[in-house]
Amino acid sequence: MKVSIITLFLLIAGVRLAGAQTQNTSPAPTKAEQEIINLSKAKWAWMADKNVDSLNVLFDEKAVFVHMGGSWGKPQELNVIKSGGIWYKKADVYSTSVNILDNTAILLNDIDLLAVVGGNEVVHAFMVTEVYVKENGKWKMGSLTFSQLLRPVKMEVPGKK
């Protein structure tokens, strides 16, 4: 009897483990999803380089930006980046997902962000929500929201422990 219970337990555990492994496989992104992923990667590079010209083209005129310290529109976001009020030095992206609904794409990035804010270097774990809308065949960013995560920061920052 004891052997039967242990065998049954191991069988159930094995089936559950096998099921969990198959659930974690995700299909390759579609062409449209990959386009959004590539656009998001370019955006992080432009933010790190303070390339406000490229960001100006990407950001819709009505775009909104939600940060830990407040929310604002496109002109203020571009001014904050240009002036160095927030310098998005480096974003380590750990996972990305994209959902496309008609002409709207919602991208989620699990990141660690190394930034300089008010002259102080800081690192935070964020879930970043990016909303893009396709108009006249081009994707424009309509919203960028930083939500702080409770997980520990994974990024290796030289000189910080």
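Residues numbered from 1 in each chain as written. Predicted model: local features only at pLDDT ≥ 70, side-chain atom pairs only at ≥ 80, totals over all residues. Heavy atoms only, no water.

(A) Structural detail: the overall build of the protein chain. If you tally the helices and strands in the protein chain, you get four helices and six strands. Ordering the α and β elements of the protein chain from the N terminus gives α-α-α-β-β-α-β-β-β-β. A buried classification covers 31% of the 161 residues belonging to the protein chain. Considering only intrachain contacts with a sequence separation of at least 6, the fraction spanning at least 24 residues in the protein chain is 52%. On the protein chain, roughly 10200 Å² of surface is accessible, and the fraction owed to carbon and sulfur atoms is 59%. (Helix = DSSP H or I, 4+ residues; strand = E, 2+ residues; numbered from the N terminus. Buried < 20%, exposed > 50% of the residue type's maximum accessible area, 1.4 Å probe, protein only. Contact = heavy atoms within 4.5 Å. Areas by Shrake-Rupley, 256 points an atom, 1.4 Å probe, with all protein chains shown as cover.)

(B) Expanded view of the sheet that holds strand β5 (residues 120–135). Pairing is mixed in the open sheet, where six strands are placed in the order β2-β1-β6-β5-β4-β3. The open sheet has two edge strands with one neighbour each: β2 (70–73) and β3 (86–101). Strand-to-strand twist across the sheet, computed as the mean angle between neighbouring axes with direction ignored, equals 20°. As defined by bridge partners, strand β4 (residues 104–117) adjoins β5 across 14 bridges and the pair is classed as antiparallel. (Pairing = 2+ DSSP bridges. Axes fitted to C-alpha atoms, helices over the stretch in contact; angles between N-to-C directions.)

(C) Highlighting helix α4 (residues 74–83). Residues of α4 that are buried: Lys74, Glu77, Leu78, Val80 and Ile81. Take α4 and look down its axis: the buried residues cluster within an arc of 160°, on one side only. Turned more than 90 degrees from where α4 packs its buried face, Pro75, Lys82 and Ser83 sit exposed. Among the structural elements, α2 (31–48), α3 (52–58), β1 (59–67), β2 and β3 are those in contact with the buried residues of α4. Of the residues flanking the end of α4, it is Gly84, one or two places downstream, whose phi is positive at about 85°. (Arc of directions from axis to C-beta.)

(D) View of the environment of Phe126. Here Phe126 lies in strand β5. According to the relative accessible area criterion, Phe126 is buried, its value standing at 5%. On a C-alpha basis, the gap between Phe126 and Arg151 in space is 9.0 Å, while along the polypeptide they are 25 residues apart. Apart from the residues lying within four places of it in its own chain, the contact partners of Phe126 are Met68, Asn109, Asp110, Ile111, Leu113, Phe146, Ser147, Gln148 and Leu149.

(E) Structural context of the nonpolar core. Residues Leu113, Tyr132 and Phe146 are the most contacted members of the largest nonpolar core, which totals 30 residues. Not counting the four nearest positions on each side in its chain, Leu113 is found in contact with Trp44, Tyr88, Lys90, Ala91, Val122, Val123, His124, Phe126, Phe146 and Met155. (Core = buried A, V, L, I, M, F, W, Y, C linked by side-chain atoms within 4.5 Å.)

(F) Layout of α2. The first and last C-alpha atoms of α2 sit 26 Å apart over 18 residues, in line with the 26 Å expected at 1.5 Å per residue. Three or more residues of α2 are buried, namely Ile36, Ile37, Leu39, Ser40, Lys43, Trp44, Met47 and Ala48. Next to the buried residues of α2 lie α3, α4, β3, β4, β5 and β6 (138–148). (Expected span 1.5 Å × (residues − 1).)

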